[in-house]
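An overview of the molecular structure
Take a look at the letters that make up each chain.
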Amino acid sequence: MEDAQDDREQQRGAGGGGQEAEVEEEEEEEEEAGTLSPSFPMGRVKKIMKLDREINKVNSEALLLISLSAQLFLASLSAGARHAVLQKKRRIIKLDHIRSAARAHWPTTAFLLDCLPKPPPPPKAVSPTLKARSADEKPLPPGARRIDDFFRKPSADTQ
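Here the residue numbering is sequential within each chain, running from 1 through the sequence in written order. Totals for whole chains, interfaces and linings use all residues, but because this is a predicted model, local features are given only for residues with pLDDT of at least 70 and pairs of side-chain atoms are given and counted only at 80 or more. Neither water nor hydrogens contribute to the side-chain values; these are computed over all heavy atoms in the structure.

Quick look at the overall build of the protein chain now. Regarding its fold elements, the protein chain presents eight helices and zero strands. Only runs of H or I of at least four residues qualify as helices and only runs of E of at least two qualify as strands under DSSP, and these elements are numbered from the N terminus. The N-to-C order of helical and strand elements in the protein chain reads α-α-α-α-α-α-α-α. Here's how the labels work: a residue is buried when its accessible area is under 20% of the maximum for its type, exposed when over 50%, partly exposed in between, all with a 1.4 Å probe on protein chains only. Expressed as a percentage of its 159 residues, the buried residues of the protein chain come to 12%. Any two residues whose heavy atoms approach within 4.5 Å at even a single point are treated as in contact. Restricting to contacts in the protein chain with at least 6 residues of sequence separation, those with at least 24 account for 29%. Here, Shrake-Rupley sampling with a 1.4 Å probe gives the accessible areas, and only protein chains in the shown set may cover a residue. Summed over all atoms, the accessible surface of the protein chain reaches about 14300 Å², with 55% contributed by carbon and sulfur.

This is how it looks when you write it as structure tokens:
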């Protein structure tokens, strides 16, 4: 197979296509080197960067580096959230899991916990007897009566 490739390269070189062979070799070297390509749309990242009033122009290299760093940050944060989910034996990642992943990584804690919404306060524990009392105390809509009144034996006063 290597002999066939060598034969093709020699034919290209003999035919005056030396520049084409060089271009193909450079492309193969880039593929082997593992060039990084961001998964975020560059235009969207540029728009987000320009939301800052201090930034007027964005260099393409800076745009690439910021896009790649954001990709790495989100990969790290999602891996931490996944770890938190697996520890709690859950199947869905929720805000609490992201919050615990941010707490576990101290540089992230400094800025991300301030941006996340605050956790809701825990609900107050209500005893079952209080629930029953609160149902009795609620006013009934007009024309309605309680089920207890339906099953109650008629008293001597009502007859």
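On the surface, Lys88, Arg90, Lys94 and Arg103 cluster together into a patch of positive charge. Mapped onto the elements, Arg103 comes out in helix 5 (residues 95-104). Within the patch definition used here, like charges are joined within 9 Å and nonpolar side chains (Val, Leu, Ile, Met, Phe, Trp, Tyr) within 5 Å, considering only residues with over 30% relative accessible area and no salt bridge. Any carboxyl oxygen of Asp or Glu that lies within 4 Å of a side-chain nitrogen of Lys or Arg is treated as forming a salt bridge with it. Charged-residue counts in this description rest on Lys and Arg as positive and Asp and Glu as negative, His and the chain ends being excluded. Note on charges: their place is set at NZ of Lys, CZ of Arg, CG of Asp or CD of Glu.

Another point: the packing of helix 4 (residues 60-87) against helix 5. Relative orientation of the contacting elements helix 4 and helix 5 amounts to 115°, with a least axis distance of 8 Å. What the angle tells us is that helix 4 and helix 5 run roughly perpendicular. Helix-helix and strand crossings are classified by hand; for helix 4 and helix 5 the assignment is right-handed. Together, Leu77, Gly80, Ala81, Ala84 and Val85 of helix 4 and His97, Ile98, Ser100, Ala101 and Ala102 of helix 5 make up the contact between the two elements. Considering only residue class, the contact of helix 4 with helix 5 consists of seven nonpolar, three polar and no charged. Every axis corresponds to a line fitted to the C-alpha atoms, with the helix fit spanning only the stretch in contact, and the corresponding angles, defined between N-to-C directions, vary from 0 to 180 degrees. Working rule for angles: under 35 degrees goes down as roughly parallel, over 145 as roughly antiparallel, 65 to 115 as roughly perpendicular, anything else as oblique. If you view the pair so one helix is near and one far, a crossing is left-handed when the near helix is turned anticlockwise from the far one by less than a right angle, and right-handed when it is turned clockwise. The classification used treats Ala, Val, Leu, Ile, Met, Phe, Trp, Tyr, Cys and Pro as nonpolar, Asp, Glu, Lys and Arg as charged, and all other residues, Gly among them, as polar.

Attention now goes to the nonpolar core. Side-chain atoms within 4.5 Å are what join buried Ala, Val, Leu, Ile, Met, Phe, Trp, Tyr and Cys residues into a set we call a nonpolar core. Formed by Leu77, Ala81, Ala101, Ala102, Leu112 and Leu116, the largest nonpolar core amounts to six residues. Looking at this core, the elements with two or more residues in it are helix 4 and helix 5. Setting aside residues no more than four positions away along its own chain, Leu77 makes contact with Ile98, Ala101, Ala102 and Leu112.

The next point concerns helix 5. Every buried residue belonging to helix 5 is among His97, Arg99, Ala101 and Ala102, and all of these are buried. Buried positions along helix 5 lie against helix 4 and helix 6 (106-115).

Time to look at the pattern of salt bridges. Side chains that differ in sign of charge can pair as their charged atoms come close. Inspection of the entire model under this criterion finds one salt bridge. The partner of Arg99 in a salt bridge is Asp96, and the shortest N-O contact between them spans 3.1 Å. Of this pair, Arg99 and Asp96 both sit in helix 5, three residues apart, roughly one helical turn. Asp96 sits in the partly exposed class, given a relative accessible area of 44%.

Take the environment of Phe40 next. Along the chain, the position of Phe40 falls in the loop between helix 2 (18-33) and helix 3 (42-50). Relative accessible area serves as the criterion here: at 28%, Phe40 is assigned to the partly exposed category. Between the alpha carbons of Phe40 and Leu68 there is a distance of 8.3 Å; along the sequence they are 28 residues apart. Filtering out sequence-adjacent residues up to four positions away, Phe40 remains in contact with Val45, Ser67, Ala70, Gln71 and Leu74.

In this section: the packing of aromatic side chains. Working definition: an aromatic ring pair is given by the centre-to-centre distance plus the angle between the planes. Classification of ring pairs rests on two measures: the distance between centres of Phe, Tyr or Trp rings, Trp counted by its six-membered ring, which must be within 6.5 Å, and the angle between planes, read as stacked under 30 degrees, edge-to-face over 60 and tilted in between. If you walk through the whole model with that rule in mind, you get one aromatic pair. Taking 5.9 Å as the distance between ring centres and 40° as the angle between the ring planes, the aromatic pair formed by Phe73 and Phe111 counts as tilted. Placement of the pair is Phe73 in helix 4 and Phe111 in helix 6, with a sequence separation of 38 residues. A residue is classified by how much of its surface remains accessible, and Phe111, at 44% relative accessible area, is partly exposed.

The quantities given are spatial measurements derived from coordinates; they are silent on function.
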